[in-house]
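Chain by chain, the residues:
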Amino acid sequence: MWQKEAQDKFGVETIESDVMKAALDDWVNIYQGKPDWTLPDDKGNVDIESFNFAKKLCNETARLTTLALGVTVEGSARAEWINGFMESYIARMKNEECEKACAFGYIILKPNGKGIDYVMPWDFCPTHATDGKVDGGIFFDHYHEPGDKWYYTRLEWQRFEDVSEDMQIYRITNKTYKATGTNGIGQECSMSETVWANLQEDAAYQNIEQPLFSIFKMPLSNNIDMSSPLGVSIFSNAQKELKSLDIAWTRLEDEIFDSQKKVFLGDMMIDEPGMPVRSKFTANGAIDKAGKTLPRYLHILPGTSQGDEYHEVNPALQATDRLSGIDHFLNLVGVKCGYSTGQFVLNGRSGVVTATQVESDDRETIQNIKQIRDSLQTATDGLIYALDKYADIYNLAPVGVYEVNYSFQDIVYNYEEDKLRHWQYVQAGKYPLWMYYMKFEGMSEDEAKAVAAEAKSENEQNSSLFGEE
C-alpha cells in the first residue's frame, strides 16, 4: 500500500517486482513463526505447528557474523565524529539488525544527521540501481502522537539526477502527509506542522559519488527474481525443509502427548453394581466408592455385562525414530543455508574438539560467515561514507581524512589453545610478557609492563645468586 502511493506521489516506478514482495511477505511470516503451512483449515484445526527454527537460524548466523565485531574510525576530528556513532552501531548490529538482515534479505542503513536509521525493506521503495546496486529509493517514515487524531507520514526520495552530459547531482525530496487512520497515506500537508519541520523539502548536492544510504544484504544470488538487485533471506532456499522440520517436531510432540498409558476399568471395580457411574465423577475426574480421586489415566467402562473388565494400553513411543527424522531435517536446513553438515543437530559434538578439528569439519560454515562479514563490511563502508557527506552538508564536523579498521573474532577461536601458544612464544622470547598479561590476564598496559618488569628483575636476581654458587 505504501509503495503504490509513494510511486504515485513522485510519479516513479519501483524496481521491486511483485514476486519479490510476495517472497518478503513469506519470509516475514516464517521469521515470526507464522508460516502459511501452520494456518488453520476450514474447521479451525491446526495440523502443523511452527517451532520457529528460522528465528534460531538467523540469530545464530548474526551471532557468528558479529562475533567480537569492532569498527574504529581514526585519522582526524572528522574521523572522531564518525567514530562516535560506531559503538551504538555495533550494539544494534549484534543485538538485532544483523539478524533482521539475515531474515529479510537486506536492511538499509541511513544517517539522519543525529544518528542512524535502520530501515526495513517494507519501509523502502527502490527506484533505481546501477551495476546491480540500488542507488535510489523512497523511504517511509511514520509518526503518531498519542491522543492526536492525525497519523503523519513522510516520503523521502533520494536519487541521482543528470543535469548535463558531464554533471550529476544527488537530490533529496521530502513530502509529508496526514491521515485519520493507518489505512492510507492521506492528504498532503505542510512540513511545518509535523515533527520534520526542520528538513528541507527539496535539496540537491554535488560531489556525491555514492548514495547517502547503504544496504546490508545477504551475499546470495537472487533466484526469486533473477533481474532484481535486492537480497534474499538466508532461508529462502530451505522453506520446504523448514516445513518438513515443523511437521517432524509436531508429530513428535503429538506422540509424546498421546503416549500416556490408559487403563480401562469396569464400573463394578470402583462401585457397587447398578450405581449410576456419572454420579462418581467430579471436576477432577473419577472417584472410587471411598471418595478418592482416581488417576487420570483410568477410564471407566459403564454398563458392561460383568463390570469387572480390566484393559491396559501402553502406546509405543517411537522417540528415537522421530528424533532421527528431526536431526535429518535440521541438517538439511543448515546445509541449504550455507552451513556445514552437522552444524545443527540435537546431539552435537561430544568430547574435546580442537580448533583444528572445527576448522576442518566446518569449512562451509566458516566460508559462509566470512562472506556475510564481507557484505557487512562493505555496507559499513557505505554508511561511513554517507556519514562523512552528511557532516559536509550540514557542517557537523571539521573536514578531515579518515581510516576505518575492522576486527572480527575467529570463528574457530579456542581461548585455551591461544593462551598456551602465546605462553610458548613468551618462553621462546618471541612475544613480550607484558602483552601476554594484557591479552590473557586483563591488565592495563601500565599494569602489565610493571608486573613484567618486576618479574624480569626477580629472574635476573635469582640468576645472579645461582651464578655465584
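Residues numbered from 1 in each chain as written. Predicted model: local features only at pLDDT ≥ 70, side-chain atom pairs only at ≥ 80, totals over all residues. Heavy atoms only, no water.

Undergrad: Quick question: what am I supposed to make of the nonpolar core here?
TA: Inside soluble globular proteins, nonpolar side chains tend to come together where they are buried. Core analysis: the largest hydrophobic core is formed by 78 residues, its most contacted members being Leu57, Tyr89, Met93, Leu109, Phe216 and Phe235. The dominant element in this core, judged by the number of residues it contributes, is helix H9 (residues 363–394), at ten residues. Look past the residues within four positions of Phe216 in its chain and what remains in contact with it is Met93, Cys98, Ala101, Gly105, Tyr106, Ile107, Leu109, Ile372, Ser375, Leu376 and Ala379. Counting ten residues, the second-largest nonpolar core is a separate cluster that includes Ala6, Val12, Phe140 and Leu155. (Core = buried A, V, L, I, M, F, W, Y, C linked by side-chain atoms within 4.5 Å. Buried < 20%, exposed > 50% of the residue type's maximum accessible area, 1.4 Å probe, protein only. Helix = DSSP H or I, 4+ residues; strand = E, 2+ residues; numbered from the N terminus. Contact = heavy atoms within 4.5 Å.)

Undergrad: So what exactly am I meant to see when it comes to the sheet that holds strand E10 (residues 214–217) here?
TA: Two orientations exist for strands paired in a sheet by backbone hydrogen bonds: parallel and antiparallel. With antiparallel pairing, three strands are arranged side by side in an open sheet as E3-E2-E10. In this open sheet, the two edge strands, each paired with only one partner strand, are strand E3 (116–119) and E10. Averaged over all neighbouring strand pairs, the angle between strand axes comes to 25°, with direction disregarded. Bridging between strand E2 (residues 106–111) and E10 involves four bridges; their strand directions are antiparallel. For Tyr106, the partnering residue across the bridge sits in E10 and is Lys217. Strand contacts of H9: E2, E3 and E10, with the helix running at about 170° to E10, the strand carrying the most contacts. (Pairing = 2+ DSSP bridges. Axes fitted to C-alpha atoms, helices over the stretch in contact; angles between N-to-C directions.)

Undergrad: Teacher, can you tell me more about helix H2 (residues 18–31) here?
TA: With 14 residues, H2 extends 20 Å between its outermost C-alpha atoms, agreeing within 8% with the 20 Å of an ideal straight helix rising 1.5 Å per residue. When H2 is considered as a whole, its buried residues turn out to be Met20, Ala23, Leu24, Trp27, Val28, Ile30 and Tyr31. Down the axis of H2, the buried set is contained in an arc of 165°. They therefore lie on one face. Each element contacted by the buried residues of H2 is listed here: helix H3 (53–65), helix H5 (86–104) and helix H6 (239–257). At the exit of H2 stands Gly33, carrying a positive phi of roughly 80°. (Expected span 1.5 Å × (residues − 1). Arc of directions from axis to C-beta.)

Undergrad: Any chance you could explain the pattern of salt bridges here in plain terms?
TA: Where charged atoms of side chains with opposite charge meet at close range, the side chains can pair. Counted by the stated rule, this structure contains 23 salt bridges. Among the salt bridges present, the one from Arg78 reaches Asp392, with a minimum N-O distance of 2.9 Å. With Arg78 in helix H4 (residues 77–83) and Asp392 in helix H9, this pair connects stretches of sequence that are 314 residues apart. On the basis of relative accessibility, which here comes to 1%, the residue Arg78 falls in the buried class. The shortest N-O distance in the salt bridge between Asp254 and Arg251 comes to 3.7 Å. Placement of the pair is Asp254 and Arg251 together in helix H6, with a separation of three residues, close to one helical turn. (Salt bridge = Lys/Arg side-chain N within 4 Å of Asp/Glu carboxyl O.)

Undergrad: Looking at this model, I keep getting lost on the packing of aromatic side chains. Mind explaining?
TA: The way to describe two aromatic rings as a pair is by their centre distance and the angle between their planes. Counted under the stated rule, the structure contains 15 aromatic pairs. Look at Trp81 and Phe85: their rings are 4.9 Å apart centre to centre, the planes differ by 80°, and that puts the pair in the edge-to-face class. Take Trp81 and Phe85: they sit in the same class, and that class is buried. Consider the rings of Tyr143 and Trp196, whose centres lie 6.4 Å apart with planes at 75°: the pair is edge-to-face. Of this pair, Tyr143 sits in strand E5 (residues 133–143) while Trp196 sits in the loop between strand E8 (187–189) and strand E9 (202–205); the two residues are 53 residues apart in sequence, bridging distant segments of the chain. Aromatic ring contacts, followed pair by pair, group Tyr31, Phe104 and Trp122 into a single cluster. For Lys110, the ring lying beneath its charged end belongs to Phe139, and the centroid distance is 5.2 Å. Positioned over the ring face of Trp434 is Lys449, at 4.7 Å from the centre of the ring. (Phe/Tyr/Trp six-rings, centres within 6.5 Å; stacked < 30°, edge-to-face > 60°. Lys NZ or Arg CZ within 6 Å of the ring centre and 35° of its normal.)

Undergrad: What am I meant to see in the confidence of the model for the protein here?
TA: Parts of the model with low pLDDT should not have their predicted coordinates read in detail. Looking at the protein as a whole, the pLDDT averages 85, with 84% of positions reaching at least 70. For the protein, the element scoring lowest by mean pLDDT is helix H8 (residues 355–361), at 49; E10 scores highest, at 98. Throughout residues 350–358 the model reports pLDDT below 50, and contacts reaching past four residues in sequence, or to other chains, amount to eight contacts. (pLDDT = per-residue confidence, 0-100.)

Undergrad: I would appreciate a short explanation of the pairing of E9 in the present structure.
TA: Looking along a regular strand, one sees the side chains alternate between the two faces of the sheet. On E9, burial follows the alternation: Ala203 and Tyr205 on one face are buried, whereas Asp202 and Ala204 on the facing-out side are not. Across four bridges, the pairing between strand E7 (residues 167–179) and E9 is antiparallel. Across the sheet, Tyr170 pairs through a bridge with Tyr205, a residue of E9.

Undergrad: When you look at the packing of H6 against helix H7 (residues 319–336) in this model, what are you seeing that I'm missing?
TA: For any two helices packed against each other, one specifies the inter-axial angle together with the distance between the axes. Axis separation between H6 and H7 bottoms out at 9 Å; the angle between their running directions is 160°. Taken together, the axes of H6 and H7 lie roughly antiparallel to each other. Of the two elements, H6 crosses H7, and the hand of that crossing is left-handed. Along the contact surface, H6 presents Glu241, Leu242, Ser244, Leu245, Ala248, Trp249, Arg251, Leu252 and Glu255, while H7 presents Ala319, Arg322, Leu323, Ile326, Phe329, Leu330, Leu332, Val333 and Lys336. Among the residues forming the contact of H6 with H7, the class breakdown is twelve nonpolar, one polar and five charged. (Parallel < 35°, antiparallel > 145°, perpendicular 65-115°, else oblique. Left-handed = near helix turned anticlockwise from the far one by under 90°. Nonpolar A, V, L, I, M, F, W, Y, C, P; charged D, E, K, R; others polar.)

Undergrad: When you look at the environment of Met120 in this model, what are you seeing that I'm missing?
TA: Checked against the element boundaries, Met120 lands in the loop between E3 and strand E4 (124–130). For the pair Met120 and Ile108, spaced twelve residues apart in the sequence, the C-alpha separation amounts to 6.5 Å. Contact partners of Met120, with chain neighbours within four places excluded, come to Glu97, Lys100, Phe104, Ile107 and Ile108.

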